[in-house]
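Commentary on secondary and tertiary structure
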Amino acid sequence: MLRQRLPVRPLSAADHDAALEVCARDRVANVFVAARIVEGSLRAAPGSLLGHWSDGELRGLAWVSANVVPVELDDEGVAAVAARIVRMRRQCASLFGPSAQVVGLWDRLSPTWRPVRAIRAHQPLLATRRPPSALGIPIDPDVRPARLDEVDLVLPAAAHMFTEEIGYPPYFGSDRGYRASIASLVRAGHTFVKVEDGEVVFKADVGSLALGCAQVQGVWLHPRLRGRGLSVPAMASVVEQVLAGMADEVSLYVNDFNVAARAAYEHCGFHEVGAFTTVLL
């Protein structure tokens, strides 16, 4: 009866399997939320995942935490979720995900939310299932998973990447929280690095892993090494290692104006499978 009365409600651990089934309709587009579910968010962060119900069936989802991320919402679901978020009086750092859903949510949330800092309207969503070595792409043998004793080496590279991408540093004052998030990725074997003379010169993270798909984020090459053709073999090495045992598909999304990055990913075998939009607040 609760589900019939409330078209949008927070999900609980009892909804785990149903929520993953919704994500699996498009695992590449929905891997961020699927990963949060697999990691136990329905128990650890109750209320962060909203479900849209229609005729007693779970039709779509929305992750509402530091970010808002829609999953498989139709027009009715977008309207219902936006209305629920407005009632929650919660503002987040960003909205991102499949373009039509994000645009629909933002159209409804923007009148009551703070001014937008930037809108990345078209971010190609890319994926590949083929190891770069099978395509004859050179592999950088020095790219490897970071070790836990290298967190302090990874931190400045990660902070530099974040600042370049977002426009402000990832922390002010203490780096304790940011360092903990980096350590968590490193501990899981999800951060890949190339280290030269005690310095990280290349970094990439598997930020989300679920349903056989790994989404790469935080790709960064030291500025002094850019323009030398080093990013393709480094990124190819990450894809090769991820496909060797972590997942059977690798995805990422990229700003459409980042011509160099788009070319590098294409050389690594990625192809476009969709489009994301990001609203930065």
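To be clear, the structure that these remarks concern was listed above.
One structure accompanies this document, and this report is about it.

What counts as what
- Residues numbered from 1 in each chain as written.
- Predicted model: local features only at pLDDT ≥ 70, side-chain atom pairs only at ≥ 80, totals over all residues.
- Heavy atoms only, no water.
- Core = buried A, V, L, I, M, F, W, Y, C linked by side-chain atoms within 4.5 Å.
- Buried < 20%, exposed > 50% of the residue type's maximum accessible area, 1.4 Å probe, protein only.
- Helix = DSSP H or I, 4+ residues; strand = E, 2+ residues; numbered from the N terminus.
- Contact = heavy atoms within 4.5 Å.
- Pairing = 2+ DSSP bridges.

Residues M235, V242, L252, Y265 and F270 are the most contacted members of the largest nonpolar core, which totals 29 residues. Residue assignment for this core shows that the elements contributing at least two residues are β9 (199-210), β10 (213-221), α9 (231-243), β11 (249-253) and α10 (259-267). Ranked by the residues each element gives to this core, the list is headed by α9, at 8 residues. Not counting the four nearest positions on each side in its chain, M235 is found in contact with F202, V216, V219, L252, Y265, C268 and F270.

Let us look at the environment of L230. Residue placement: L230 occurs in the loop between β10 and α9. Residue class for L230 comes out partly exposed when judged on its relative accessible area of 31%. If near-sequence neighbours (up to four positions away) are discounted, L230 is found in contact with L221 and L225.

A separate point is the pairing of β9. For a regular strand, the rule is simple: side chains alternate between the two faces of the sheet. Here β9 lies mainly inside the structure; 10 of its 12 residues are buried. Bridge count for strand β8 (residues 191-196) against β9 is 6 bridges, and the pairing is antiparallel. Following the sheet pairing, T191 is matched in β9 by D205. As paired elements, β9 and β10 share 7 bridges and run antiparallel to each other. Pairing of S208 across the sheet is with Q215, part of β10. Count of turn residues in the β9/β10 antiparallel hairpin: 2 residues, of which L211 carries a positive phi of about 55°.

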